[in-house]
Amino acid sequence: GGRCPKCGEKVYPTDTLRLHELVSEMQPNEAAVSKLMTVIEHLSIFSTLRFIHENEPEKLENFAFLRDGYLALFGQVAWLHKALLREIREIRYEQKEDGHKPPIIVGITKSGHFVDHAERIRDEIPSQTIIRLDNDYIYEYIINSRNSETEHGSNTYYGQKFIYKTSSDKIFLV
């Protein structure tokens, strides 16, 4: 909590998420609830990650954290991605310093431009192959325009994108 420096009104920690901007009397408010659920999912992963790291870091190297969807936050809550990325870097560094491997954090995406692209090139990818989608590849083959020289998703994503084709020829965007 605290007070707004401009108007003096009480400010709650949830105000920083700016979800109230998605609430309207004239339309359904599923967007605000959906955005809140997304934030809770991300924070749950990171709370668990931090807890295990602080209490049993040797066990963390045997964990894989899976999320249904991108390792990214969009819209009003996108600013949180920097804190999550900082947390990952800190834990990775501390794990390495203590002689432990870092945990694996994976998002599996089932729809969108990247999944559509993966499906289009499925026949060109050998089984059991992982393809890293770097910035140049993304702008050349998936997104039609390049607005700047910045890394794609640098303000929203905290993970790297890969296409994975399994031994049974299933395609995943991770």
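Residues numbered from 1 in each chain as written. Predicted model: local features only at pLDDT ≥ 70, side-chain atom pairs only at ≥ 80, totals over all residues. Heavy atoms only, no water.

## Here's the deal with the packing of helix H4 (residues 113–120) against helix H5 (residues 135–142)
- As a packed pair, H4 and H5 sit with axes 11 Å apart at the nearest point and diverge in direction by 80 degrees. Between H4 and H5, the crossing angle belongs to the class labelled roughly perpendicular. Only Tyr137, Ile138, Tyr141 and Ile142 of H5 make contact with H4, whose side of the interface consists of His113, Phe114, His117 and Arg120.
- Taken together, the residues that form the contact of H4 with H5 break down as five nonpolar, two polar and one charged. (Axes fitted to C-alpha atoms, helices over the stretch in contact; angles between N-to-C directions. Helix = DSSP H or I, 4+ residues; strand = E, 2+ residues; numbered from the N terminus. Parallel < 35°, antiparallel > 145°, perpendicular 65-115°, else oblique. Contact = heavy atoms within 4.5 Å. Nonpolar A, V, L, I, M, F, W, Y, C, P; charged D, E, K, R; others polar.)

## Looking at the nonpolar core
- The biggest cluster of nonpolar side chains holds 20 residues, and the ones touching the most others in it are Phe46, Leu49, Phe65 and Val77.
- Secondary structure elements with two or more residues in this core: helix H1 (30–55) and helix H3 (80–97).
- The element best represented in this core is H1, accounting for six residues.
- If near-sequence neighbours (up to four positions away) are discounted, Val77 is found in contact with Leu17, Leu19, Lys35 and Val39.
- Counting 15 residues, the second-largest nonpolar core is a separate cluster that includes Phe114, Ile138, Ile142 and Ile163. (Core = buried A, V, L, I, M, F, W, Y, C linked by side-chain atoms within 4.5 Å. Buried < 20%, exposed > 50% of the residue type's maximum accessible area, 1.4 Å probe, protein only.)

## Brief notes about the pattern of salt bridges
- Summed over the entire model, instances satisfying the criterion amount to eight salt bridges.
- Notably, a salt bridge pairs Arg50 with Glu90, separated by 2.9 Å at the nearest N-O pair. With a gap of 40 residues between them, Arg50 in helix H1 and Glu90 in helix H3 connect regions that are remote in the sequence.
- With its nearest N and O atoms 3.0 Å apart, the salt bridge here joins Glu119 to Arg122. (Salt bridge = Lys/Arg side-chain N within 4 Å of Asp/Glu carboxyl O.)

## Focus on the layout of surface pockets
- The calculated volume of the largest pocket comes to roughly 440 Å³.
- Forming the boundary of the largest pocket are 22 residues, of which Leu71, Ile105, Val106, Gly159 and Gln160 lie nearest the centre.
- Mapped by element, the contributors of at least two residues to the lining of the largest pocket are H3 and strand E4 (104–108).
- Sort the elements by how many residues they give to the lining of the largest pocket and E4 lands first, with four residues.
- Partitioned by chemical class, the residues of the lining of the largest pocket number 15 nonpolar, five polar and two charged. (1 Å grid on protein atoms, 1.4 Å probe; cavity = no way out; pocket = protein on both sides within 12 Å on 5 of 7 lines; lining within 4 Å. Points joined across faces, edges and corners; volume = space filled by probe spheres on them.)

## Considering the confidence of the model for the chain
- Considering every residue of the chain, the mean pLDDT works out to 88; 97% of them sit at 70 or more.
- Mean pLDDT across the elements of the chain ranges from a minimum in strand E1 (residues 2–3), with 84, to a maximum in strand E6 (residues 162–165), with 95. (pLDDT = per-residue confidence, 0-100.)

## A few points about the packing of aromatic side chains
- Scanning the entire structure with this criterion turns up seven aromatic pairs.
- Here the aromatic rings of Tyr70 and Tyr157 are separated by 5.4 Å at their centres, their planes lie at 85 degrees, and the arrangement is edge-to-face. Taken as a pair, Tyr70 in the loop between strand E3 (64–68) and H3 and Tyr157 in the loop between H5 and E6 lie far apart in primary sequence, 87 residues in all.
- By relative accessible area, which is 18% here, Tyr70 ends up buried. (Phe/Tyr/Trp six-rings, centres within 6.5 Å; stacked < 30°, edge-to-face > 60°.)

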